[in-house]
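Overview (structure and organization)
What follows is each chain in one-letter form.
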Amino acid sequence: MKNSILVFLITIILFSCDSKTENTMTVSGTVSGLKKGTLYLQKAQDSALVTIDSLGIKGDGAFSFSYEIESPELFYLYLDKADNNDINDRITFFGESGEIIINTAWNTFDTNSEISGSKSHEKYTEFQSMLSKFNTKELELFQKMLPKADTLSKPKLDSIQKLRNTNLLRRYQYVLNFGLTNPDSYITPYVTLSEASDANPKYLDSIYNSLNTEVANSKYGKKLNTYLESIK
C-alpha cells in the first residue's frame, strides 16, 4: 500500500514537471512582512482586468503562479490585504515565458518591487523611466500656469504654453523613435498603441512594418495591425 502511494506521488510530481512547456510563465517571489492576504495574477481582457489565478498567503509571504502564455504581454499582481483599500496594491509587469521573480514588501507593494527574469519588462522599465521625465516636466509647467493664470501676462502664458507644446512634441518623438529602433521588442506595439495612437498614421505604419515577424504576430502586434486597418 505504501509503495502504491509512493508511486502515485512520484507520478504526480513527474506530470507536474512535464506539464510545463516553452510557453510557460512562472511568476514567483516573496511579499515580505505579509502574514495574511490574497494575491491575484491578472491581465487585461476586453478592457477589463480578469483574474487568472489567486493564492491565499499565510505565514512567510512566498508565492508562485504558472500560466501558459501565447506571447509577452502586460500582467498585474494584485494584493488584497482585506483593508478595503486597493491603492498601491497592484504591480504592473511585462510577462513572458520563463521564470520571473518578483520580490516586494506588503506595505510598499508596488513602489518597492524588484522584478527580474523578463527581458520585455526590462525594456518596459527603460521606456517608462524616460516617459516619466516628460510627464514630470509637463506637470511642472502646468503648475506654473494654472494657479497664476489670472495674474500672468499673456506673453508669459504663451511662453509657458510653448514650452508645454515642445515637451509634448519631444515626448511623441521619443515614443515614435523608440518604436522604430526597437523592432524586436514585444513592448513596441504596446507602447505605440498606448502612448502614440493619435500620431500621424504614416509613422505608426512605419513602426508596424519594421517589426520582426515574431513581434508582428504577437498579441499587441496584431492589435496594432487591427488599429491601423481601422484608421485607413
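Please read all numbers here as calculations on a predicted model, not as lab measurements. The residue numbers shown here count from 1 along each chain, following its written sequence. Restriction of local features to residues with pLDDT of at least 70 applies here, the model being predicted, together with a cutoff of 80 or more for giving and counting side-chain atom pairs; totals for whole chains, interfaces and linings are based on all residues. With hydrogens and water stripped out, all remaining heavy atoms of the structure feed into the side-chain values.

The pLDDT value expresses, per residue, how confident the predictor is, ranging between 0 and 100. For the protein, per-residue confidence averages 89 on the pLDDT scale, and residues scoring 70 or more make up 87% of the total. Numbering of helices and strands starts at the N terminus; helices are DSSP runs of H or I of at least 4 residues and strands are runs of E of at least 2. Ranking the helices and strands of the protein by mean pLDDT puts helix α6 (residues 213-216) first, with 98, and helix α1 (residues 2-18) last, with 45. A low-confidence stretch, residues 1-17 (pLDDT under 50), is modelled with 0 contacts involving residues beyond four sequence positions or located in other chains. The contact rule is simple, with two residues in contact once any of their heavy atoms fall within 4.5 Å.

Turning next to the environment of Glu99. Residue position: Glu99 is located in strand β7 (residues 98-105). It is 7.8 Å that separates the C-alpha atoms of Glu99 and Ser118, two residues lying 19 residues apart in sequence. Setting aside its immediate chain neighbours within four residues, Glu99 contacts Lys20, Thr26, Ser116 and Gly117.

Take the sheet that holds strand β3 (residues 48-58) next. One open sheet holds the 4 strands; their spatial order is β3-β2-β5-β6, and the pairing between them is antiparallel. Single-partner strands in this sheet number two, and they are β3 and β6 (90-95). Across this sheet, the average inter-strand angle for adjacent strands is 25 degrees, counted without regard to direction. When DSSP locates at least two bridges between a pair of strands, those strands are taken to pair. Bridging between strand β2 (residues 36-45) and strand β5 (residues 73-80) involves 6 bridges; their strand directions are antiparallel. Bridge pairing in β5 places Leu39 opposite Leu79. Axis angles are defined between N-to-C directions and span 0 to 180 degrees, where every axis is a line fitted to C-alpha atoms and, for a helix, only to the segment in contact.

A few words now on unusual backbone geometry. Phi at Asp46 is positive, roughly 55 degrees, even though this residue is not glycine. On the secondary structure map, Asp46 appears in the loop between β2 and β3. The phi angle at Ser47 is positive, at roughly 65 degrees, despite the residue not being glycine. Summarising the element assignment, Ser47 is placed in the loop between β2 and β3. Buried residues are those whose accessible area, probed at 1.4 Å on protein chains only, stays under 20% of the maximum for their type, while exposed residues exceed 50% and partly exposed ones sit between those limits. For Ser47, a relative accessible area of 83% corresponds to the exposed category.

Next up on the list: the packing of aromatic side chains. Centres within 6.5 Å are what make two rings of Phe, Tyr or Trp a pair, Trp counting through its six-membered ring; a difference in plane orientation under 30 degrees is then read as stacked, over 60 as edge-to-face, and the rest as tilted. Applying the stated rule across the entire model yields 13 aromatic pairs. With centroids separated by 5.8 Å and ring planes inclined at 75 degrees, the aromatic side chains of Tyr67 and Phe75 adopt a geometry described as edge-to-face. Ring pairs connect the aromatic residues Phe94, Tyr124, Tyr190 and Tyr220, which therefore count as one cluster.

Salt-bridge detection follows one rule: a side-chain nitrogen of Lys or Arg within 4 Å of a carboxyl oxygen of Asp or Glu. Overall, the coordinates contain 7 salt bridges when judged by the stated rule. We note a salt bridge from Lys219 to Glu73, for which the minimum N-O separation is 2.7 Å. Of the two residues, Lys219 sits in helix α7 (residues 219-231) while Glu73 sits in strand β5, which places them 146 residues apart along the sequence. We classify Lys219 as partly exposed; its relative accessible area is 24%. As a salt-bridge pair, Arg171 and Glu195 come within 2.8 Å of each other at their nearest N and O atoms. Of this pair, Arg171 sits in helix α3 (residues 154-181) while Glu195 sits in helix α4 (residues 187-196), and the two are 24 residues apart along the sequence.

Here the focus is α4. Judged by how many residues are buried, α4 sits mostly within the fold: 7 of 10 residues are covered. Along α4, the positions that sit buried rather than exposed are Ile187, Thr188, Pro189, Tyr190, Val191, Thr192 and Ala196.

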